[in-house]
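Now for the letters of each chain:
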Amino acid sequence: MQAGDNKSYDDINVTPMVDLYLVLLLIFIIMTTAGVQGVKVNLPSAGAPSKLEGPKMQAITVDNSGNIKLNAEAISLGDLESKLGAIKAKTPEFPVVVRGDTQTPYQSIMDVLDVVGRSGITQIALATKPKK
């Protein structure tokens, strides 16, 4: 460039400005994720927690001989329906888990599921063990 040349430059180097924006963005991201964890405070104490009364799960177990147990109490298929009806009168919605041995006849499980269905229970689960 000569001393008498008064040309203006049209090029602007934006690389330093982009670097600045990226650094500010990085700082902003780090600060917001660090702020999410919260601040350590001395929490106030409260009384004993109140016991929430919810529907108690009922477990029906059928062993490989076809014996039926409701919550570890031996019961017949006819008594099972009346017992579930009495529980349903107290608590309209409660979950039932049907457990069976791997050698349990399929018909025994189906008989229990039929009784549970006739009782009007909608929350039914079959207990299984995951494969290793």
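Use the structure listed above.
Rules and cut-offs
Residues numbered from 1 in each chain as written. Predicted model: local features only at pLDDT ≥ 70, side-chain atom pairs only at ≥ 80, totals over all residues. Heavy atoms only, no water. Helix = DSSP H or I, 4+ residues; strand = E, 2+ residues; numbered from the N terminus. Expected span 1.5 Å × (residues − 1). Buried < 20%, exposed > 50% of the residue type's maximum accessible area, 1.4 Å probe, protein only. Arc of directions from axis to C-beta. Pairing = 2+ DSSP bridges. Axes fitted to C-alpha atoms, helices over the stretch in contact; angles between N-to-C directions. Patch = residues over 30% accessible without salt bridge, like charges linked within 9 Å, V, L, I, M, F, W, Y side chains within 5 Å. Areas by Shrake-Rupley, 256 points an atom, 1.4 Å probe, with all protein chains shown as cover. Salt bridge = Lys/Arg side-chain N within 4 Å of Asp/Glu carboxyl O. Polar contact = N/O pair within 3.5 Å; in protein donor to acceptor, adjacent residues only side chain to side chain. Contact = heavy atoms within 4.5 Å.

(A) Here's a closer look at helix α3 (residues 106-118). Helix length check: α3 (13 residues) gives 18 Å between terminal C-alpha atoms against 18 Å at 1.5 Å per residue, within 8%. Looking only at α3, the buried set comprises S108, I109, V112, V115 and V116. Down the axis of α3, the buried side of the element spans an arc of 125°, and every buried residue falls inside it. Of the exposed residues in α3, the ones pointing more than 90 degrees away from its buried face are Y106 and Q107.

(B) Geometry of the sheet that holds strand β1 (residues 58-62). The sheet built from five strands is open, its strands ordered β3-β2-β1-β4-β5 with mixed pairing. Whereas interior strands pair on both sides, the edge strands pair on one side only; in this sheet they are β3 (73-75) and β5 (124-126). Put simply, the sheet's adjacent strands are angled 25° from each other on average, direction ignored. Pairing between strand β4 (residues 96-100) and β5: three bridges, direction parallel. Paired with V97 across the bridge in β5 is A125.

(C) Expanded view of the pairing of β1. Of the two faces of β1, only the one carrying Q58, I60 and V62 is buried; A59 and T61 on the other face are not. Bridge count between β1 and β4: five bridges; the pairing is parallel. Paired with Q58 across the bridge in β4 is V96. By the bridge criterion, three bridges tie β1 to strand β2 (residues 68-70) in an arrangement that is antiparallel. When the sheet's bridge partners are listed, V62 is paired in β2 with I68. Following β1, the chain reverses through five residues before pairing antiparallel with β2; G66 in that reversal takes a positive phi of roughly 95°.

(D) Fine view of a nonpolar patch on the surface. Together, I12, V14, M17, V18, L20, Y21, L22, L24, L25, F28 and I29 make up an exposed nonpolar region whose accessible area comes to about 1,100 Å². By the secondary structure assignment, V18 is in helix α1 (residues 15-36). Of the residues examined, V18 reaches a relative accessible area of 42% and is grouped as partly exposed.

(E) Representation of the side chain of T104. Mapping T104 onto the fold places it in the loop between β4 and α3. Of note is the side chain of T104, whose polar atom sits 3.4 Å from the backbone oxygen of D63. If we skip the residues at most four places from it in the chain, T104 touches V62, D63, N64 and I109.

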